[in-house]
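Analysis of the macromolecular model
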Amino acid sequence: MSDLTSAYEQLARRWTHEQLAGQYHQAKRRGEQLPECDRDHLIRRPIAMLASAVPACASLSVAIHVIHVLPATGALPLRDQLLRNAENNSAVTLHRCHQALELDGQAHDYNADEWLPAVYDIAGPLLQAARLNRDPPSFVEQAQEAVRWLSRAIVDLDEDSPDTAAALVDGLGRMLALHVFAEVAREPTDELSA
């Protein structure tokens, strides 16, 4: 496992849509395969699907915050456990937000995949601008923003707002950036920097 400085340095670069698409689909598949998502196919309403993402998103936010306050040395098993938790919870949240986008799309005659370039347009600059030495660190702020956008999307769904898809996309962009961060901070690979 690398330290946070190394992870931030590796992430702070230009990301192509192709790279982000690979990360997005990998995270979505991971979320689908986790036991907590086994029964997601039974959920038919987008607001219920999105509400089911709230606990994972809250756990993700807590894990990201704690990862950033742990000392750089020591507590490595705890940091690794928190990063695994962040990877899993970001994958669950991303999967469920994508499912909510699909369900809303069925109700409002659009295809969720049409929005994926916008998700990548949000995630790419967040990754490129990632900085550890700001207050709060970039991914702590993005974890807070992910919770905020998830909450906003729930309100928009409840009100049947025309802005629902945009709120979901904002949340998905942040979730993708957080998932990539957790993955790189835990096990940086040359594949991600290709």
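Rules used throughout
- Counting from 1, residues in each chain are numbered in the order their sequence is written.
- Selection of residues for local features in this predicted model requires a pLDDT of at least 70, selection of side-chain atom pairs for listing and counting requires 80 or more, and totals for whole chains, interfaces and linings are taken over all residues.
- As a rule here, side-chain values cover all heavy atoms of the structure and leave hydrogens and water aside.
- To qualify as a helix, a DSSP run of H or I must reach at least 4 residues; to qualify as a strand, a run of E must reach at least 2; elements of each kind are numbered from the N terminus.
- Radius of gyration here uses only the C-alpha atoms, and the compact-globule reference equals 2.2 Å multiplied by the residue count raised to the power 0.38.
- Throughout, exposure labels follow a simple rule: accessible area from a 1.4 Å probe, protein chains only, divided by the maximum for the residue type, with under 20% read as buried, over 50% as exposed, and the rest as partly exposed.
- Contacts between residues were defined by any pair of non-hydrogen atoms, one from each residue, lying within 4.5 Å.
- Using a 1.4 Å probe, accessible areas were evaluated by the Shrake-Rupley method; residue-level cover was limited to the displayed protein chains.
- Charge counting follows a simple rule: Lys and Arg are positive, Asp and Glu are negative, and His as well as the terminal groups are ignored.
- Where a charge lies is defined by one atom per residue type: Lys uses NZ, Arg uses CZ, Asp uses CG and Glu uses CD.
- Here an axis means a line fitted to C-alpha atoms, over the contact stretch when the element is a helix, while the angle between two N-to-C directions is reported on a 0 to 180 degree scale.
- Comment on the angle field: the value is read as roughly parallel under 35 degrees, roughly antiparallel over 145, roughly perpendicular from 65 to 115, and oblique elsewhere.
- Left-handed describes a crossing whose near helix is turned anticlockwise from the far helix by less than a right angle; the clockwise case is right-handed.
- The nonpolar class holds Ala, Val, Leu, Ile, Met, Phe, Trp, Tyr, Cys and Pro. Asp, Glu, Lys and Arg form the charged class, and all remaining residues, Gly among them, are polar.
- In this scheme, a helix's expected span is set at 1.5 Å multiplied by one less than its residue total.
- The criterion for an aromatic pair is that two Phe, Tyr or Trp rings (for Trp, the six-membered ring) have centres within 6.5 Å, with stacked assigned to planes under 30 degrees apart, edge-to-face to planes over 60 apart and tilted to the rest.
- Lysine and arginine charges are scored as sitting over a ring when NZ or CZ, respectively, is within 6 Å of the ring centre and within 35 degrees of the ring normal.

1. Some details on the overall build of the protein chain
- Across its full length, the protein chain carries nine helices and zero strands.
- In the protein chain, the order of α-helices and β-strands from amino to carboxyl end is α-α-α-α-α-α-α-α-α.
- For 194 residues, the compact-globule estimate of 2.2 N^0.38 gives 16 Å, and the protein chain sits close to it at 16 Å.
- A principal-axis box enclosing the C-alpha atoms of the protein chain has dimensions of 50 × 30 × 30 Å.
- A burial count over the protein chain gives 53% of its 194 residues as buried.
- Restricting to contacts in the protein chain with at least 6 residues of sequence separation, those with at least 24 account for 82%.
- Of the roughly 9,100 Å² of accessible surface on the protein chain, 51% is carried by carbon and sulfur atoms.
- If you average the places of the 17 positive and of the 28 negative side-chain charges in the protein chain, the two averages end up 4 Å apart.

2. Examining the packing of helix α4 (residues 54-69) against helix α8 (residues 164-186)
- Viewed as axis vectors pointing N to C, α4 and α8 meet at an angle of 45°, and their least axial separation amounts to 12 Å. When the interaxial angle is binned, α4 and α8 end up oblique. When the axes of α4 and α8 are compared, the crossing they make is left-handed. For the pair α4 and α8, the contacting residues are C57, L60, I64 and H68 in the first and M175, L178 and F181 in the second.
- For the contact of α4 with α8, the class distribution of residues is six nonpolar, one polar and no charged.

3. Structural notes on helix α6 (residues 116-128)
- Here α6 contains 13 residues, and its C-alpha end-to-end distance of 18 Å stays within 8% of the 18 Å for a straight helix at 1.5 Å per residue.
- Regarding α6, the residues found buried are L116, V119, Y120, I122, A123, G124, L126 and L127.

4. So, the packing of aromatic side chains
- Per the stated rule, a full pass over the model turns up five aromatic pairs.
- Geometrically, the ring pair formed by F139 and F181 is stacked, given 4.5 Å between the ring centres and 20° between the ring planes. With F139 in helix α7 (residues 138-158) and F181 in helix α8, this residue pair connects regions lying 42 residues apart in the sequence. Pair check on accessibility: F139 and F181 agree, each one buried.
- Each residue in the set Y8, F139 and F181 is aromatic and connected to the rest through ring pairs, giving one cluster.
- Lying across the ring of W15, R13 places its NZ or CZ 3.8 Å from the centre.

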